[in-house]
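Overview (structure and organization)
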Amino acid sequence: MIKKLIIFFSILFAFQSVIFAQTANVKPLTIGEIRTIKSKILNEERTLNIYLPQNFDKTKSYPIIFLLDGSMNEDFIHVTGLVQFFNQMYSMPETIVVGIANIDRKRDFTFHTDLKDLQKDYPTTGHSDKFISFLEKELKPYVESQFKTTDKYVFGQSLGGLLATEILLKRPEMFNNYFIISPSLWWDDESLLKQAPQLLAKIPDTKKFIYVSVGKGEHPVMVKDAEDLFGVLKKSNKKNWTVEYKMMETDNHATILHRSLYEGLVKLFPYQEPK
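An account of the accompanying structure is given in this report. In this text, all values refer to a predicted model and were calculated from it rather than measured experimentally.

1. Some words on the packing of helix H5 (residues 128-146) against helix H6 (residues 159-170)
Running from N to C, H5 and H6 point in directions that differ by 70°, and their axes come no closer than 11 Å. Here H5 lies roughly perpendicular to H6, going by the angle between them. In terms of crossing hand, the pair formed by H5 and H6 is right-handed. Only Leu163, Glu166 and Ile167 of H6 make contact with H5, whose side of the interface consists of Ser128, Phe131, Ile132 and Leu135. Here the contact of H5 with H6 is built from residues that sort into 5 nonpolar, 1 polar and 1 charged.

The structure is reproduced here in structure tokens:
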């Protein structure tokens, strides 16, 4: 009996030793930082998920992607994966991603509408002006105070694409590069799209890259509006603007973002053979 107990405890000790050996080297996998800033304009705290390049050096300058819908359970993880891949395999430089976590995207990404059905379906709607002011006067200055920066990007899909379009047409100097995916330009009876020619006429012809995309499987109005936005941007004849359009043949509104961003980044950062 004693011999059996000795064998049992010997096996148990050996098993525990293996377990301890396996867990001794566990540590968190970190790809960046989570920061919280207090917005006076929005009167609330906002969470930022920030991806930093693997070889991040605070003395160097980096392009910055401002990612709408940037919560951890939204688009932050897969978009940072794309950025890392394009830095590794394409000509994209190391880039910081600032994911802006949502609190109420229907409130933040839409401008005022008098249409009663939209007011009913979106009861908190109509405050994109405040959110744009937050981006321009609080978030961008904060990021620029924390990191040395070069080019600025905004990535937005759906209502985020509507907001990115509004920024392009009303505050174009905020970003150098606009990735506008499946924009919800149907909002307010397409009023922003209807104003676009007049707004574009007032915009300075400074260097920009603008990528518009939509899925073939989306609602026909979404497809038409994205095509019309591309058309009006091209007709503006901005010589220093590069305007690209991509119809995603196999995608719908739910599946488009990742593949479409890939296609847009390829246009900006073509593949380069390793040296």
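Next comes the rest of the account.
2. Some words on the environment of Asn73
Along the chain, Asn73 falls in the loop between strand S3 (61-67) and helix H2 (76-89). Separated by 111 residues in the primary sequence, Asn73 and Ser184 place their C-alpha atoms 21 Å from one another.

3. Brief notes about H5
Between its first and last C-alpha, H5 extends 25 Å over 19 residues, near the 27 Å set by a 1.5 Å rise per residue. The largest bend along H5 measures about 35° and falls at Leu135. Listing the buried residues of H5 in full gives Ser128, Phe131, Ile132, Ser133, Phe134, Leu135, Glu138, Leu139, Lys140 and Val143.

4. Overview of a nonpolar patch on the surface
Together, Leu29, Ile31, Met72 and Ile77 line one region of the surface with nonpolar side chains, adding up to about 420 Å² of accessible area. With respect to the helices and strands, the residue Met72 is situated in the loop between S3 and H2.

5. Quick look at the nonpolar core
Phe131, Leu139, Ile210 and Leu233 are the most contacted members of the largest nonpolar core, which totals 55 residues. Considering each element in turn, this core owes the most residues, 7 residues, to H6. In this structure, Leu233 is in contact with Leu168, Leu200, Ile210, Val212, Trp241 and Val243, ignoring residues within four places of it in sequence. Counting 23 residues, the second-largest nonpolar core is a separate cluster that includes Tyr51, Ile65, Leu82 and Ile181.

6. Let's talk about helix H7 (residues 187-201)
Turn by turn, an α-helix covers 3.6 residues, leaving residues three or four places apart pointing in a common direction. Relative to the 21 Å expected for 15 residues at 1.5 Å per residue, H7 spans 22 Å between its end C-alpha atoms, a close match to the ideal helical length. The largest bend along H7 reaches roughly 35° and is located at Gln195, with the proline Pro197 sitting one to four residues downstream. Trp187, Asp188, Glu190, Ser191, Leu192, Leu193, Ala196, Leu199 and Leu200 are the residues of H7 that are buried.

7. Some details on the side chain of Lys140
As for its placement among the helices and strands, Lys140 is situated in helix H5. Excluding residues within four positions of it along the chain, Lys140 makes contact with Phe66, Leu135, Lys152, Glu173, Met174 and Phe175.

8. As for the packing of H6 against H7
At a minimum axis separation of 10 Å, H6 and H7 run at an interaxial angle of 25°. With respect to their mutual orientation, H6 and H7 come out roughly parallel. In this structure, H6 meets H7 at a crossing whose hand is left-handed. Facing H6, whose interface residues are Leu162, Thr165, Glu166, Leu169 and Lys170, H7 presents Trp187, Leu192, Ala196, Leu199 and Leu200. When grouped by side-chain class, the residues that make up the contact of H6 with H7 number 7 nonpolar, 1 polar and 2 charged.

9. Some remarks on the side chain of Asp75
Tracing the sequence through the fold places Asp75 in the loop between S3 and H2. Notably, Asp75 is buried but unbridged: the nearest opposite-charge side chain belongs to Arg105, and the N-O separation is 6.9 Å. Not counting residues within four places of it along the chain, the set of residues in contact with Asp75 comprises Leu67, Leu68, Asp69 and Leu257.

Rules of the game
Sequence positions are assigned chain by chain, starting from 1 and proceeding in written order. A pLDDT threshold of at least 70 governs which residues receive local features in this predicted model, and a stricter bar of 80 or more applies before side-chain atom pairs are shown or counted, although totals over entire chains, interfaces and linings include all residues. Excluding hydrogens and water, the side-chain figures rest on all heavy atoms present in the structure. Only C-alpha atoms enter the line fits that serve as axes; for helices the fit covers just the stretch in contact. Angles between N-to-C directions range over 0 to 180 degrees. In this text, helices come from DSSP runs of H or I with a minimum length of four residues, and strands from runs of E with a minimum of two, each type numbered from the N-terminal end. Roughly parallel covers angles under 35 degrees, roughly antiparallel covers those over 145, roughly perpendicular covers 65 to 115, and oblique covers all other angles. Left-handed describes a crossing whose near helix is turned anticlockwise from the far helix through less than a right angle; right-handed describes the clockwise counterpart. Two residues qualify as a contact provided that any one of their heavy atoms is within 4.5 Å of a heavy atom in the partner residue. In this classification, the charged set is Asp, Glu, Lys and Arg, the nonpolar set is Ala, Val, Leu, Ile, Met, Phe, Trp, Tyr, Cys and Pro, and all remaining amino acids, among them Gly, are polar. Each residue after the first adds 1.5 Å to the expected span of a helix. The bend reported for a residue corresponds to the angle between axes fitted to the seven residues ending at that residue and the seven starting there. In this scheme, a residue with accessible area under 20% of its type's maximum is buried, one over 50% is exposed, and one in between is partly exposed, where area comes from a 1.4 Å probe on protein chains only. Grouping into patches uses exposed residues only, defined as over 30% relative accessible area, and leaves out salt-bridged ones; the cut-off is 9 Å for like charges and 5 Å for nonpolar side chains (Val, Leu, Ile, Met, Phe, Trp, Tyr). Each accessible area is a Shrake-Rupley estimate made with a 1.4 Å probe; only the visible protein chains count as cover when residues are assessed. A side-chain nitrogen of Lys or Arg and a carboxyl oxygen of Asp or Glu constitute a salt bridge if their distance falls within 4 Å. For our purposes a nonpolar core is just a set of buried Ala, Val, Leu, Ile, Met, Phe, Trp, Tyr and Cys residues, chained together by side-chain atoms within 4.5 Å. Counting rule applied: Lys, Arg positive; Asp, Glu negative; His and chain ends not counted.

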